[in-house]
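Analysis of the macromolecular model
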Amino acid sequence: MKTDLTDTTSSKINKALVLGRRAIGTPAVGMVLTLVIVTDEENAYDALKAANEASREHPSRTLVVIKRVSRGPRDRSKARLDAEVRLGADASTGETVVLRLYGEVVDHAQSVVLPLLLPDAPVVVWWPVNAPVDPASDPLGALAQRRVTDTYAAEQPIQELAERADAYTPGDTDLSWTRITPWRSMLAAALDQVECEVTSAEVAGEEFNPSVELLAMWLADRLKIPVRRSGSAGPGLTSVRMQTNCGPIVLDRADGSLATLSIQGQPDRAVALKRRETAELIAEELRRLDPDDTYASALRYGLERLDEEAATTAPEPVEETVVVVEEIAAKPAAKKTTAKTPAKATARKAAAK
(Lines give C-alpha, C1' and ligand atoms only; values in the text may rest on other atoms or scores of the structure.)
Protein backbone atom coordinates (compact mmCIF):
# COMPACT_ATOMS: atom_id res chain seq x y z
CA MET A 1 0.00 0.00 0.00
CA LYS A 2 1.40 3.36 -1.07
CA THR A 3 0.23 6.84 -0.15
CA ASP A 4 1.71 9.95 -1.80
CA LEU A 5 1.65 13.22 0.14
CA THR A 6 2.70 16.44 -1.58
CA ASP A 7 3.63 19.59 0.35
CA THR A 8 2.81 17.87 3.61
CA THR A 9 3.81 17.94 7.29
CA SER A 10 5.00 15.40 9.86
CA SER A 11 1.57 15.28 11.54
CA LYS A 12 -0.12 14.40 8.23
CA ILE A 13 2.46 11.66 7.66
CA ASN A 14 1.73 10.18 11.09
CA LYS A 15 -1.98 10.24 10.33
CA ALA A 16 -1.37 8.46 7.01
CA LEU A 17 0.61 5.76 8.85
CA VAL A 18 -2.27 5.14 11.30
CA LEU A 19 -4.87 5.02 8.54
CA GLY A 20 -2.67 2.73 6.46
CA ARG A 21 -2.19 0.26 9.30
CA ARG A 22 -5.92 0.11 9.84
CA ALA A 23 -6.55 -0.41 6.13
CA ILE A 24 -4.25 -3.46 5.96
CA GLY A 25 -5.56 -4.85 9.26
CA THR A 26 -2.53 -4.29 11.52
CA PRO A 27 -3.35 -1.37 13.82
CA ALA A 28 -0.66 -2.31 16.35
CA VAL A 29 2.92 -1.16 15.87
CA GLY A 30 5.26 -4.16 15.84
CA MET A 31 8.47 -2.31 15.03
CA VAL A 32 11.61 -2.74 17.16
CA LEU A 33 13.57 0.34 16.03
CA THR A 34 13.67 3.32 13.71
CA LEU A 35 16.19 3.27 10.86
CA VAL A 36 16.91 6.68 9.32
CA ILE A 37 18.65 6.59 5.94
CA VAL A 38 20.20 9.88 4.82
CA THR A 39 21.05 9.70 1.13
CA ASP A 40 20.60 11.30 -2.26
CA GLU A 41 18.21 10.45 -5.07
CA GLU A 42 20.83 8.42 -6.94
CA ASN A 43 21.53 5.98 -4.09
CA ALA A 44 18.08 5.94 -2.47
CA TYR A 45 16.80 2.88 -4.33
CA ASP A 46 19.75 0.61 -3.43
CA ALA A 47 19.80 1.78 0.19
CA LEU A 48 16.06 1.24 0.61
CA LYS A 49 16.25 -2.20 -0.99
CA ALA A 50 18.98 -3.23 1.46
CA ALA A 51 16.97 -1.85 4.40
CA ASN A 52 13.83 -3.73 3.35
CA GLU A 53 15.76 -7.01 3.19
CA ALA A 54 17.31 -6.33 6.60
CA SER A 55 13.84 -5.58 8.05
CA ARG A 56 12.92 -9.25 7.70
CA GLU A 57 15.26 -9.87 10.61
CA HIS A 58 14.68 -6.50 12.32
CA PRO A 59 11.16 -5.10 11.71
CA SER A 60 11.62 -1.36 11.76
CA ARG A 61 10.20 1.93 10.65
CA THR A 62 12.48 3.12 7.87
CA LEU A 63 12.68 6.85 7.19
CA VAL A 64 14.51 7.75 3.98
CA VAL A 65 15.65 11.38 4.05
CA ILE A 66 16.46 12.70 0.55
CA LYS A 67 17.70 16.28 0.42
CA ARG A 68 16.85 17.68 -2.99
CA VAL A 69 19.09 20.39 -4.41
CA SER A 70 17.18 23.47 -5.58
CA ARG A 71 18.30 24.97 -8.87
CA GLY A 72 17.61 28.66 -8.32
CA PRO A 73 17.52 31.11 -5.39
CA ARG A 74 13.71 31.35 -5.62
CA ASP A 75 13.36 27.57 -5.22
CA ARG A 76 15.81 27.54 -2.33
CA SER A 77 13.71 30.06 -0.43
CA LYS A 78 10.58 27.88 -0.62
CA ALA A 79 10.36 25.09 1.94
CA ARG A 80 8.45 21.99 0.91
CA LEU A 81 8.15 18.43 2.13
CA ASP A 82 6.92 15.57 -0.05
CA ALA A 83 6.39 12.11 1.39
CA GLU A 84 5.64 8.60 0.21
CA VAL A 85 4.20 6.22 2.82
CA ARG A 86 4.62 2.50 2.14
CA LEU A 87 2.98 -0.24 4.19
CA GLY A 88 2.34 -3.95 3.82
CA ALA A 89 3.98 -5.77 0.93
CA ASP A 90 5.54 -2.55 -0.37
CA ALA A 91 7.55 -2.13 2.83
CA SER A 92 8.53 -5.76 3.53
CA THR A 93 7.89 -6.48 7.24
CA GLY A 94 8.12 -2.88 8.42
CA GLU A 95 6.99 0.61 7.54
CA THR A 96 8.70 2.92 5.07
CA VAL A 97 8.41 6.66 4.69
CA VAL A 98 10.35 8.37 1.89
CA LEU A 99 10.87 12.05 2.70
CA ARG A 100 11.96 14.50 0.02
CA LEU A 101 13.06 17.86 1.41
CA TYR A 102 13.19 21.07 -0.65
CA GLY A 103 14.38 24.57 0.08
CA GLU A 104 15.09 25.79 3.59
CA VAL A 105 13.72 22.64 5.21
CA VAL A 106 16.84 20.81 3.96
CA ASP A 107 18.83 22.43 6.76
CA HIS A 108 16.26 21.35 9.37
CA ALA A 109 15.79 17.67 8.56
CA GLN A 110 15.84 16.74 12.26
CA SER A 111 12.64 18.73 12.86
CA VAL A 112 10.90 16.61 10.20
CA VAL A 113 12.27 13.27 11.41
CA LEU A 114 11.80 13.76 15.16
CA PRO A 115 7.95 13.51 15.19
CA LEU A 116 8.14 10.33 13.07
CA LEU A 117 10.40 8.34 15.40
CA LEU A 118 8.89 5.36 17.16
CA PRO A 119 8.38 6.11 20.87
CA ASP A 120 10.67 4.28 23.31
CA ALA A 121 12.56 2.55 20.49
CA PRO A 122 16.23 2.76 19.48
CA VAL A 123 17.22 4.98 16.57
CA VAL A 124 19.89 4.10 14.00
CA VAL A 125 21.06 6.58 11.37
CA TRP A 126 22.80 5.29 8.24
CA TRP A 127 24.63 7.37 5.64
CA PRO A 128 25.27 5.19 2.53
CA VAL A 129 27.15 8.11 0.91
CA ASN A 130 28.29 11.62 1.81
CA ALA A 131 28.49 10.98 5.55
CA PRO A 132 29.49 13.89 7.81
CA VAL A 133 33.01 13.98 9.21
CA ASP A 134 31.63 13.84 12.76
CA PRO A 135 28.36 11.84 12.65
CA ALA A 136 27.62 12.40 16.36
CA SER A 137 27.57 16.19 15.94
CA ASP A 138 25.23 16.02 12.95
CA PRO A 139 21.65 17.08 13.84
CA LEU A 140 20.27 13.74 12.64
CA GLY A 141 23.12 11.77 14.17
CA ALA A 142 22.42 13.36 17.54
CA LEU A 143 19.01 11.62 17.56
CA ALA A 144 20.51 8.13 17.26
CA GLN A 145 22.11 5.55 19.52
CA ARG A 146 24.03 4.11 16.58
CA ARG A 147 25.49 5.94 13.58
CA VAL A 148 26.51 3.88 10.54
CA THR A 149 28.78 5.22 7.80
CA ASP A 150 30.62 3.62 4.87
CA THR A 151 34.10 4.96 4.13
CA TYR A 152 34.35 2.62 1.13
CA ALA A 153 31.93 4.92 -0.73
CA ALA A 154 33.96 8.06 0.08
CA GLU A 155 36.02 9.97 -2.47
CA GLN A 156 39.21 9.42 -0.44
CA PRO A 157 38.54 6.38 1.76
CA ILE A 158 41.86 6.22 3.62
CA GLN A 159 41.86 9.92 4.48
CA GLU A 160 38.26 9.69 5.65
CA LEU A 161 39.17 6.71 7.82
CA ALA A 162 41.74 8.87 9.63
CA GLU A 163 39.12 11.60 10.11
CA ARG A 164 36.71 9.04 11.58
CA ALA A 165 39.35 8.14 14.16
CA ASP A 166 39.75 11.78 15.23
CA ALA A 167 35.99 12.35 15.53
CA TYR A 168 35.00 8.96 16.97
CA THR A 169 32.13 8.94 19.48
CA PRO A 170 30.76 5.80 21.18
CA GLY A 171 27.98 4.52 18.93
CA ASP A 172 29.81 5.20 15.66
CA THR A 173 30.50 2.30 13.32
CA ASP A 174 31.37 1.72 9.68
CA LEU A 175 30.34 -0.89 7.12
CA SER A 176 34.00 -1.25 6.13
CA TRP A 177 34.52 -2.69 9.62
CA THR A 178 31.45 -4.92 9.31
CA ARG A 179 32.81 -6.41 6.09
CA ILE A 180 35.82 -7.93 7.89
CA THR A 181 33.81 -9.74 10.60
CA PRO A 182 34.19 -13.17 8.88
CA TRP A 183 37.92 -12.54 8.44
CA ARG A 184 38.37 -11.68 12.11
CA SER A 185 36.40 -14.74 13.19
CA MET A 186 38.40 -17.06 10.92
CA LEU A 187 41.78 -15.68 12.02
CA ALA A 188 40.82 -15.91 15.70
CA ALA A 189 39.71 -19.53 15.19
CA ALA A 190 42.99 -20.35 13.42
CA LEU A 191 45.05 -18.98 16.31
CA ASP A 192 42.99 -21.02 18.77
CA GLN A 193 44.15 -24.22 17.03
CA VAL A 194 47.88 -23.67 17.61
CA GLU A 195 50.08 -22.73 20.53
CA CYS A 196 52.45 -20.39 18.76
CA GLU A 197 53.65 -16.83 19.16
CA VAL A 198 52.80 -14.51 16.28
CA THR A 199 55.76 -12.30 15.37
CA SER A 200 54.47 -10.33 12.35
CA ALA A 201 51.68 -10.27 9.78
CA GLU A 202 50.90 -9.04 6.29
CA VAL A 203 47.46 -8.06 4.97
CA ALA A 204 46.92 -7.90 1.20
CA GLY A 205 43.99 -6.27 -0.58
CA GLU A 206 42.96 -3.92 -3.33
CA GLU A 207 44.04 -0.30 -3.19
CA PHE A 208 41.84 2.34 -1.53
CA ASN A 209 39.91 -0.28 0.44
CA PRO A 210 39.54 0.84 4.08
CA SER A 211 38.66 -2.70 5.18
CA VAL A 212 42.27 -3.70 4.53
CA GLU A 213 43.58 -0.95 6.80
CA LEU A 214 41.03 -1.76 9.50
CA LEU A 215 41.97 -5.44 9.51
CA ALA A 216 45.67 -4.59 9.65
CA MET A 217 45.12 -2.17 12.55
CA TRP A 218 42.98 -4.75 14.36
CA LEU A 219 45.74 -7.36 14.11
CA ALA A 220 48.40 -4.89 15.23
CA ASP A 221 46.27 -3.67 18.14
CA ARG A 222 45.20 -7.09 19.42
CA LEU A 223 48.42 -9.06 18.85
CA LYS A 224 50.88 -6.19 19.51
CA ILE A 225 52.90 -7.08 16.41
CA PRO A 226 54.11 -5.18 13.31
CA VAL A 227 51.67 -5.56 10.41
CA ARG A 228 52.45 -4.74 6.80
CA ARG A 229 49.80 -3.69 4.28
CA SER A 230 50.42 -4.77 0.67
CA GLY A 231 48.44 -4.21 -2.50
CA SER A 232 46.74 -6.75 -4.75
CA ALA A 233 44.34 -6.87 -7.69
CA GLY A 234 41.42 -7.71 -5.38
CA PRO A 235 38.53 -8.15 -5.16
CA GLY A 236 38.51 -6.64 -1.67
CA LEU A 237 40.66 -8.42 0.87
CA THR A 238 42.70 -11.21 -0.70
CA SER A 239 45.01 -12.68 1.95
CA VAL A 240 46.39 -12.51 5.49
CA ARG A 241 49.74 -14.07 6.33
CA MET A 242 50.86 -14.37 9.96
CA GLN A 243 54.41 -15.40 10.79
CA THR A 244 54.73 -17.48 13.96
CA ASN A 245 57.51 -19.38 15.67
CA CYS A 246 55.74 -22.59 14.55
CA GLY A 247 55.47 -21.64 10.88
CA PRO A 248 53.22 -19.37 8.79
CA ILE A 249 49.42 -19.20 9.03
CA VAL A 250 47.87 -18.08 5.73
CA LEU A 251 44.25 -17.23 4.91
CA ASP A 252 44.04 -16.65 1.17
CA ARG A 253 40.96 -15.67 -0.86
CA ALA A 254 41.71 -15.02 -4.49
CA ASP A 255 38.24 -15.19 -6.07
CA GLY A 256 36.14 -13.29 -3.49
CA SER A 257 34.08 -16.31 -2.42
CA LEU A 258 36.18 -19.34 -1.37
CA ALA A 259 39.27 -19.05 0.84
CA THR A 260 42.03 -21.46 1.79
CA LEU A 261 43.34 -21.71 5.36
CA SER A 262 46.89 -23.03 5.62
CA ILE A 263 48.48 -23.88 8.98
CA GLN A 264 51.92 -25.38 9.35
CA GLY A 265 51.66 -29.11 10.05
CA GLN A 266 47.97 -29.34 9.11
CA PRO A 267 46.23 -30.02 5.78
CA ASP A 268 44.89 -27.03 3.87
CA ARG A 269 41.19 -26.33 4.37
CA ALA A 270 38.70 -24.60 2.10
CA VAL A 271 36.41 -22.16 3.94
CA ALA A 272 33.45 -20.11 2.69
CA LEU A 273 34.38 -16.45 2.84
CA LYS A 274 32.21 -14.73 0.25
CA ARG A 275 31.79 -10.98 -0.08
CA ARG A 276 28.51 -10.03 1.56
CA GLU A 277 25.75 -7.78 0.28
CA THR A 278 24.83 -4.48 1.93
CA ALA A 279 21.61 -5.96 3.36
CA GLU A 280 23.63 -8.54 5.32
CA LEU A 281 25.95 -5.84 6.63
CA ILE A 282 23.09 -3.64 7.83
CA ALA A 283 21.34 -6.62 9.44
CA GLU A 284 24.52 -7.41 11.37
CA GLU A 285 24.85 -3.83 12.61
CA LEU A 286 21.24 -3.81 13.81
CA ARG A 287 21.82 -6.90 15.98
CA ARG A 288 23.74 -4.89 18.54
CA LEU A 289 23.07 -1.29 19.47
CA ASP A 290 25.74 -0.83 22.14
CA PRO A 291 29.09 0.85 21.40
CA ASP A 292 31.62 -1.32 19.58
CA ASP A 293 34.76 -1.01 21.72
CA THR A 294 36.79 -3.32 19.49
CA TYR A 295 36.14 -1.11 16.47
CA ALA A 296 37.06 1.97 18.48
CA SER A 297 40.35 0.44 19.63
CA ALA A 298 41.32 -0.67 16.12
CA LEU A 299 40.32 2.66 14.56
CA ARG A 300 42.31 4.66 17.09
CA TYR A 301 45.43 2.55 16.54
CA GLY A 302 46.36 4.96 13.75
CA LEU A 303 47.39 4.51 10.14
CA GLU A 304 50.68 6.35 10.71
CA ARG A 305 51.59 4.06 13.58
CA LEU A 306 50.75 1.06 11.43
CA ASP A 307 53.25 2.20 8.78
CA GLU A 308 55.96 2.87 11.36
CA GLU A 309 55.58 -0.55 12.99
CA ALA A 310 55.57 -2.30 9.61
CA ALA A 311 58.79 -0.53 8.61
CA THR A 312 60.63 -2.30 11.43
CA THR A 313 60.10 -5.62 9.67
CA ALA A 314 62.13 -4.56 6.62
CA PRO A 315 65.00 -7.02 5.92
CA GLU A 316 68.00 -4.85 6.88
CA PRO A 317 70.66 -7.49 6.04
CA VAL A 318 69.59 -7.35 2.39
CA GLU A 319 70.44 -3.65 2.24
CA GLU A 320 73.92 -4.29 3.69
CA THR A 321 74.55 -7.04 1.13
CA VAL A 322 73.60 -4.70 -1.69
CA VAL A 323 76.05 -2.09 -0.41
CA VAL A 324 78.88 -4.64 -0.22
CA VAL A 325 78.17 -5.88 -3.75
CA GLU A 326 78.19 -2.29 -5.05
CA GLU A 327 81.53 -1.61 -3.35
CA ILE A 328 83.05 -4.78 -4.81
CA ALA A 329 81.76 -3.94 -8.27
CA ALA A 330 83.20 -0.43 -8.01
CA LYS A 331 86.73 -1.76 -7.22
CA PRO A 332 87.42 -4.71 -9.54
CA ALA A 333 91.10 -3.89 -9.90
CA ALA A 334 91.81 -3.96 -6.19
CA LYS A 335 90.02 -7.28 -5.89
CA LYS A 336 92.17 -8.84 -8.61
CA THR A 337 95.40 -7.51 -7.09
CA THR A 338 94.66 -8.91 -3.66
CA ALA A 339 93.65 -12.21 -5.22
CA LYS A 340 96.88 -12.60 -7.26
CA THR A 341 99.32 -11.64 -4.52
CA PRO A 342 98.90 -14.78 -2.39
CA ALA A 343 99.10 -16.99 -5.51
CA LYS A 344 102.47 -15.51 -6.59
CA ALA A 345 103.90 -15.77 -3.10
CA THR A 346 102.94 -19.45 -2.95
CA ALA A 347 104.58 -20.15 -6.34
CA ARG A 348 107.90 -18.50 -5.26
CA LYS A 349 108.00 -20.56 -2.05
CA ALA A 350 107.41 -23.74 -4.02
CA ALA A 351 110.27 -22.90 -6.46
CA ALA A 352 112.66 -22.19 -3.55
CA LYS A 353 111.95 -25.60 -2.08
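So, a few notes on the structure that sits alongside this text.

Each value, and the rule that gives it
Residues numbered from 1 in each chain as written. Predicted model: local features only at pLDDT ≥ 70, side-chain atom pairs only at ≥ 80, totals over all residues. Heavy atoms only, no water. Helix = DSSP H or I, 4+ residues; strand = E, 2+ residues; numbered from the N terminus. Polar contact = N/O pair within 3.5 Å; in protein donor to acceptor, adjacent residues only side chain to side chain. Contact = heavy atoms within 4.5 Å. Disulfide = S-S within 2.5 Å. Buried < 20%, exposed > 50% of the residue type's maximum accessible area, 1.4 Å probe, protein only. Pairing = 2+ DSSP bridges. Axes fitted to C-alpha atoms, helices over the stretch in contact; angles between N-to-C directions. Core = buried A, V, L, I, M, F, W, Y, C linked by side-chain atoms within 4.5 Å. Salt bridge = Lys/Arg side-chain N within 4 Å of Asp/Glu carboxyl O. Phe/Tyr/Trp six-rings, centres within 6.5 Å; stacked < 30°, edge-to-face > 60°.

**Structural notes on the side chain of Ser 176**
Checked against the element boundaries, Ser 176 lands in helix α6 (residues 175–178). Polar side-chain contacts of Ser 176 include one of 3.1 Å to the side chain of Thr 151. Once residues within four sequence positions are removed from consideration, Ser 176 is found in contact with Asp 150, Thr 151, Tyr 152, Pro 210, Ser 211 and Leu 214.

**Here's the deal with the state of the cysteines**
In total, this model carries one disulfide according to the counting rule given. At a sulfur-sulfur separation of 2.2 Å, the disulfide partner of Cys 196 is Cys 246. Sign of the S-S torsion, about -115 degrees for the bond between Cys 196 and Cys 246, identifies this disulfide as left-handed. You can see Cys 196 sitting in the loop between α7 (181–192) and β9 (198–205) and its partner Cys 246 sitting in the loop between β11 (237–244) and β12 (249–252), a full 50 residues away along the chain. We classify Cys 246 as partly exposed; its relative accessible area is 37%.

**As for the sheet that holds strand β13 (residues 258–263)**
By definition, the strands of a sheet pair up through backbone hydrogen bonds, in either a parallel or an antiparallel sense. The strand order across the open sheet built from six strands is β10-β9-β11-β12-β13-β14, with neighbouring strands paired in mixed fashion. Two strands lie at the open edges of the sheet, namely β10 (227–231) and β14 (269–272), each paired on one side alone. Neighbour-to-neighbour, the strand axes of the sheet open up by a mean angle of 15 degrees, direction not taken into account. In this sheet, β11 lies alongside β9 in antiparallel orientation, the contact comprising seven bridges. Of the residues in β11, the one forming a bridge with Ser 200 is Gln 243. Strands in contact with α7 are β9, β11, β12, β13 and β14; relative to β11, the strand with the most contacts, it is inclined by about 25 degrees. Lying on the sheet, helix α8 (residues 210–223) is in contact with β9, β10 and β11; it crosses β9 at an angle near 175 degrees.

**Re the nonpolar core**
Counting 39 residues, the largest nonpolar core has Val 203, Leu 215, Leu 219 and Val 227 as its most contacted members. Examining the composition of this core, we find that eight residues originate from one element, α8, more than from any other. Residue contacts for Val 203: discarding those within four places in its chain leaves Val 212, Leu 215, Ala 216, Leu 219, Val 227, Arg 228, Arg 229, Ser 230, Leu 237, Ser 239 and Val 240.

**Considerations on the sheet that holds strand β3 (residues 60–67)**
The sheet built from eight strands is open, its strands ordered β1-β4-β5-β3-β2-β6-β7-β8 with mixed pairing. Taken across any chain shown, the strands that pair with only one partner, and hence form the sheet edges, are β1 (2–5) and β8 (172–174). Direction aside, the axes of adjacent strands within the sheet are offset by 15 degrees on average. Note that strand β7 (residues 146–149) and β8 share three bridges and pair parallel. Following the sheet pairing, Val 148 is matched in β8 by Thr 173.

**A look at the pattern of salt bridges**
The tally for this structure, following the rule as stated, stands at 16 salt bridges. Salt-bridge contacts for Arg 147 lead to Asp 172; the nearest nitrogen and oxygen are separated by 2.6 Å. Taken as a pair, Arg 147 in strand β7 and Asp 172 in strand β8 lie far apart in primary sequence, 25 residues in all. Across this residue pair, the class does not change: Arg 147 and Asp 172 are buried. Among the ionic pairs, Lys 274 bridges to Glu 280, the shortest N-O distance being 3.2 Å. On the basis of relative accessible area, Lys 274 is assigned to the partly exposed category, the value being 46%.

**Let's talk about the pairing of β10**
Across five bridges, β9 lies against β10 in parallel orientation. Residue pairing for β10: Val 203 is matched across the bridge by Arg 229.

**Quick look at the environment of Asp 174**
Mapped onto the secondary structure, Asp 174 falls in strand β8. For the pair formed by Asp 174 and Val 148, sequence separation is 26 residues and the distance between their alpha carbons is 5.4 Å.

**A closer look at unusual backbone geometry**
In this structure, Asp 120 is a non-glycine residue whose phi angle is positive, near 55 degrees. As for its placement among the helices and strands, Asp 120 is situated in the loop between α4 (109–113) and β6 (123–126). For Asp 120, a relative accessible area of 86% translates into the label exposed. For Lys 224, which is not glycine, the phi torsion reads 55 degrees and is therefore positive. Here Lys 224 shows up in the loop between α8 and β10.

**So, the packing of aromatic side chains**
Under the counting rule described, the total for this entry stands at two aromatic pairs. With a centroid separation of 6.0 Å and 65 degrees between ring planes, the pair formed by Tyr 168 and Tyr 295 is classed as edge-to-face. Note that Tyr 168 is positioned in the loop between α5 (157–166) and β8 and Tyr 295 in helix α10 (residues 293–299), a separation of 127 residues in sequence. Ring plane angle 55 degrees and centroid distance 5.6 Å describe the contact between Trp 177 and Tyr 295, whose orientation is recorded as tilted.

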